[in-house]
Structures are given as C-alpha cells and as structure tokens.
Amino acid sequence: MSKIDASALDPAKTVVVATGNAHKVVEIEAILGPIMPGARFVALGELGEFPDPVEDGQTFTDNALIKARAALAETGLTCAVADDSGLCVDALGGAPGIYSARWAGVHGADDANNDKLLRELADVPEGKRGAHFHSSVVLVRRAGAASADPAATENVLVGEGDVFGRIGFERRGNNGFGYDPLFLVDDFPGRTMAELSLEEKNTVSHRFHALEALAAQLR
C-alpha cells in the first residue's frame with residue numbers, strides 16, 4: 001500500500017478509513033463519496049504503521065467505534081470511518097459473532113476458523129444451519145483534534161446491515177476471505193459467498209447494506 005504524508009492532507013476534507021485494506025476504502029468511497037463532495041478517503045495503513053487497538057467492546061458497533069476513535073487519535077484527523085463485522089450462526093447461539101476473526105485463537109486465521117466452524121456444526125442438519133453476516137459501520141466526526149476531551153465534541157453515525165444464508169458442509173469457491181467459502185447466500189441460491197464475483201458480492205454484502213444505511217443519514 002502506498003504511503004501518504006498526513007501533514008499534506010486537509011483535515012476538513014479527509015476521511016480516514018480504519019483499515020489497511022485498499023478494497024474496503026474503494027467500497028466505502030463508492031457509497032459515501034457522492035454524498036460527501038470534496039472528501040478524500042484514505043486508508044489508515046496509507047498514513048503509517050499504527051498498533052491495532054484492543055477491540056474489547058461488547059457489540060460490533062462498540063468495536064467499530066474503538067477503531068474509528070483510535071484512527072483519529074493516531075492521525076490527528078477529524079473524521080473517520082470504521083466497520084466491524086462477523087458471522088452469527090443460529091445453531092451456535094449467534095457465535096462466533098464479535099469473535100469471528102479470532103475464533104480459533106489467532107486473529108485472521110481463516111482456515112482454522114473454518115475448520116472450527118465445521119467441527120461445531122458436524123452434527124447439525126442442513127435445515128438448522130441458518131446464519132447471517134452482520135456489519136456495523138460508524139462515521140465519527142470531531143469538532144477538532146486538539147480538544148482535551150475529543151469524545152465530548154464528536155458526532156457519531158451508525159449504519160448496520162446483514163446478509164442471510166446458511167453454513168455449508170464443505171468449502172467452495174476461491175473468492176472472498178474469512179467464512180465466505182462456507183456461507184451459502186440466500187440471494188444467490190446454491191452459491192457460497194466465495195463463489196460470487198466481487199460485483200455480485202458488493203450488491204448483497206452486509207457491509208454494503210450497512211453503508212447504505214449510513215449514507216441515508218448523510219443525505
């Protein structure tokens with residue numbers, strides 16, 4: 001990922017996206033950009049190397065806020081967008097939920113997480129394998145970065161979205177990441193999220209729905 005000199009950015013016209021994923025920035029800008037004219041969206045990873053904040057919230061929204069506020073504190077900018085998402089499986093009481101990325105013990109260990117999911121559902125019949133992906137996207141604006149208590153002068157908007165489906169019995173597809181190879185999408189019967197093209201996924205994804213909900217509050 002290319003690097004940007006943060007001092008060259010106009011804080012009033014910059015939105016830092018709390019991610020190192022360039023695709024996520026493109027996805028967010030495509031939806032929020034038209035209703036935030038003049039804004040420049042930059043990934044946190046483009047501005048430097050920063051430690052990951054401790055995501056110890058109780059909900060997806062809590063953790064998205066932690067990431068957005070950390071991005072503002074680290075960069076000195078005044079507007080940030082962050083999301084937190086995960087898989088919620090009916091037969092597991094909503095697990096792995098907010099622990100989706102580190103369910104098997106190591107953050108981002110996709111293969112281990114999928115192996116654990118298959119083990120947990122080994123005896124669950126097809127009709128009871130319902131699940132959904134959830135996303136919470138937050139936009140945090142602050143009146144100024146130098147406030148003694150920035151949170152006291154901030155405005156927070158939250159958008160939430162879901163995509164529904166069920167968990168398959170085996171991995172299928174080479175697109176996507178995380179639990180996508182096991183998630184059969186209701187909107188595309190018989191296909192996993194990892195079998196969808198990027199364009200197809202973006203029309204139904206939980207993040208797309210969350211961003212649309214957030215955008216509606218900015219119009």
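Residues numbered from 1 in each chain as written. Predicted model: local features only at pLDDT ≥ 70, side-chain atom pairs only at ≥ 80, totals over all residues. Heavy atoms only, no water.

*Asks:* How would you explain the pattern of salt bridges if you had to name every residue and give the values?
*Replies:* Counted by the stated rule, this structure contains 13 salt bridges. Salt-bridge contacts for aspartate 115 lead to arginine 171; the nearest nitrogen and oxygen are separated by 2.7 Å. Here aspartate 115, found in helix H3 (residues 110–120), pairs with arginine 171, found in the loop between strand S5 (154–167) and strand S6 (183–185); they are 56 residues apart in sequence, far enough to count as distant. On the basis of relative accessible area, aspartate 115 is assigned to the partly exposed category, the value being 34%. A residue is classified by how much of its surface remains accessible, and arginine 171, at 34% relative accessible area, is partly exposed. Across the pair aspartate 180 and lysine 201 runs a salt bridge, and its minimum N-O distance is 2.7 Å. (Salt bridge = Lys/Arg side-chain N within 4 Å of Asp/Glu carboxyl O. Helix = DSSP H or I, 4+ residues; strand = E, 2+ residues; numbered from the N terminus. Buried < 20%, exposed > 50% of the residue type's maximum accessible area, 1.4 Å probe, protein only.)

*Asks:* Please set out the sheet that holds strand S1 (residues 14–17) residue by residue, giving values where relevant.
*Replies:* Strand order in the open sheet formed by six strands is S2-S1-S3-S4-S5-S6, with mixed pairing between adjacent strands. Because the sheet does not close on itself, it has two edges, and the strands there are strand S2 (40–43) and S6. On average, each strand axis in the sheet is inclined to that of its neighbour by 35°, with strand direction left out of account. Pairing of strand S4 (residues 130–142) with S5 involves 13 bridges; the strand directions are antiparallel. (Pairing = 2+ DSSP bridges. Axes fitted to C-alpha atoms, helices over the stretch in contact; angles between N-to-C directions.)

*Asks:* Run through the packing of aromatic side chains, naming residues and quoting values.
*Replies:* Inspection of the entire model under this criterion finds one aromatic pair. Seen from their ring centres, phenylalanine 133 and phenylalanine 183 are 4.6 Å apart, and the 55° between their planes marks the pair as tilted. Of this pair, phenylalanine 133 sits in strand S4 while phenylalanine 183 sits in strand S6; the two residues are 50 residues apart in sequence, bridging distant segments of the chain. The ring of phenylalanine 169 carries the charged tip of arginine 129 above its face, separated from the ring centre by 3.9 Å. (Phe/Tyr/Trp six-rings, centres within 6.5 Å; stacked < 30°, edge-to-face > 60°. Lys NZ or Arg CZ within 6 Å of the ring centre and 35° of its normal.)

*Asks:* An account of the packing of helix H1 (residues 22–32) against helix H5 (residues 206–218) is requested, with residue identities and associated values reported.
*Replies:* At their nearest, the axes of H1 and H5 sit 9 Å apart, and the two run at 35° to each other. For the pair H1 and H5, the sense of crossing is right-handed. Each of Lys24, Glu27, Ile28, Ile31 and Leu32 in H1 lies in contact with H5, whose residues at this interface are Arg207, Phe208, Leu211, Glu212, Leu214, Ala215 and Leu218. For the contact of H1 with H5, the per-class residue count stands at eight nonpolar, no polar and four charged. (Left-handed = near helix turned anticlockwise from the far one by under 90°. Contact = heavy atoms within 4.5 Å. Nonpolar A, V, L, I, M, F, W, Y, C, P; charged D, E, K, R; others polar.)

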